[in-house]
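Fold and geometry: a report
This is what each chain is made of:
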Amino acid sequence: VFCCVGALAIAGALHHVRADDLGWWLCERQVQGGGLNGRPEKLPDVCYSWWVLSSLVMLGRDAWIDRDALAAFILHAQDTDAGG
């Protein structure tokens, strides 16, 4: 999804996307713990959180998710001693 949305954004062709429908599907990727998954019934992870959030930003629909919960998920996933 990210590659397609990104290519359309670069080409100035996002008007070909039903942004509300795609944005809704992407928002449905946010799970109860705040993270984002790549598809239904999968666990969330930081990588998918980046890909999905980036797509939502390009579509102008990033306000549709709980950004505080996502930030908490990402911060919880990092290693406080070694980073990453």
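Residues numbered from 1 in each chain as written. Predicted model: local features only at pLDDT ≥ 70, side-chain atom pairs only at ≥ 80, totals over all residues. Heavy atoms only, no water.

**As for the pattern of salt bridges**
A pair can form between side chains of opposite charge whenever their charged atoms are brought close. Defined as follows: Take a side-chain nitrogen of Lys or Arg and a carboxyl oxygen of Asp or Glu: if they are within 4 Å of each other, that pair is a salt bridge. Burial status follows relative accessibility: with a 1.4 Å probe on protein chains alone, a residue under 20% of its type maximum counts as buried, one over 50% as exposed, and anything between as partly exposed.
All told, the structure shown has three salt bridges when counted by the stated rule. For arginine 18, the salt bridge is made with aspartate 21, and the minimal N-O distance between the two is 2.7 Å. What makes aspartate 21 partly exposed here is its relative accessible area of 42%.

**Overview of a nonpolar patch on the surface**
The condition is simple: Within the patch definition used here, like charges are joined within 9 Å and nonpolar side chains (Val, Leu, Ile, Met, Phe, Trp, Tyr) within 5 Å, considering only residues with over 30% relative accessible area and no salt bridge. Areas reported here follow the Shrake-Rupley algorithm with a probe of radius 1.4 Å; residue values treat only the protein chains shown as occluding. Think of it this way: any DSSP run of H or I at least four residues long counts as a helix, any run of E at least two long counts as a strand, and we number them from the N terminus.
Together, Tyr48, Trp50 and Trp51 make up an exposed nonpolar region whose accessible area comes to about 340 Å². Locating tryptophan 51 in the fold gives a position in helix H3 (residues 46-59).

**Some words on the packing of H3 against helix H4 (residues 67-77)**
Basically, it comes down to this: Every axis in this analysis is a line fitted to C-alpha atoms, fitted for helices over the stretch in contact. Angles between the N-to-C directions lie between 0 and 180 degrees. Here is the rule for handedness: rotate from the far helix to the near one, and if that takes an anticlockwise turn smaller than a right angle the crossing is left-handed, while a clockwise turn gives right-handed. Contacts are residue-level and defined by heavy atoms, with any inter-residue pair within 4.5 Å sufficient. When residues are sorted by character, Ala, Val, Leu, Ile, Met, Phe, Trp, Tyr, Cys and Pro go into the nonpolar class, Asp, Glu, Lys and Arg into the charged class, and all the rest, Gly among them, into the polar class.
In contact at an axis separation of 10 Å, H3 and H4 are set at 145° when each is read in the N-to-C sense. As for the relative orientation of H3 and H4, their crossing is left-handed in sense. On H4, the residues touching Val46, Ser49 and Leu53 of H3 are Leu70, Phe73, Ile74 and Ala77. Looking at the contact of H3 with H4 residue by residue, the classes come out as six nonpolar, one polar and no charged.

**Details of unusual backbone geometry**
Even without glycine at this site, glutamate 41 takes up a positive phi of about 70°. Its place among the elements puts glutamate 41 in the loop between helix H2 (19-27) and H3.

**Considering the packing of helix H1 (residues 2-10) against H3**
Our working definition: Orientation is classified from the angle alone, with under 35 degrees giving roughly parallel, over 145 giving roughly antiparallel, 65 to 115 giving roughly perpendicular, and any other angle giving oblique.
Axis separation between H1 and H3 bottoms out at 9 Å; the angle between their running directions is 30°. Comparing the axis directions of H1 and H3 gives the class roughly parallel. Both H1 and H3 take part in a crossing whose hand is left-handed. Facing Phe2, Val5, Gly6 and Ala9 of H1, the residues of H3 in contact are Trp50, Trp51, Ser54, Ser55, Met58 and Leu59. Its residues assigned to classes, the contact of H1 with H3 comprises seven nonpolar, three polar and no charged.

**Focus: the environment of valine 5**
Structurally, the position occupied by valine 5 is in helix H1. On the basis of relative accessible area, valine 5 is assigned to the buried category, the value being 3%. Expressed as a C-alpha distance, the spacing of valine 5 and methionine 58, which sit 53 residues apart in the sequence, is 7.2 Å. Filtering out sequence-adjacent residues up to four positions away, valine 5 remains in contact with Leu14, Leu22, Ser55, Met58 and Leu59.

These figures capture arrangement, not role.
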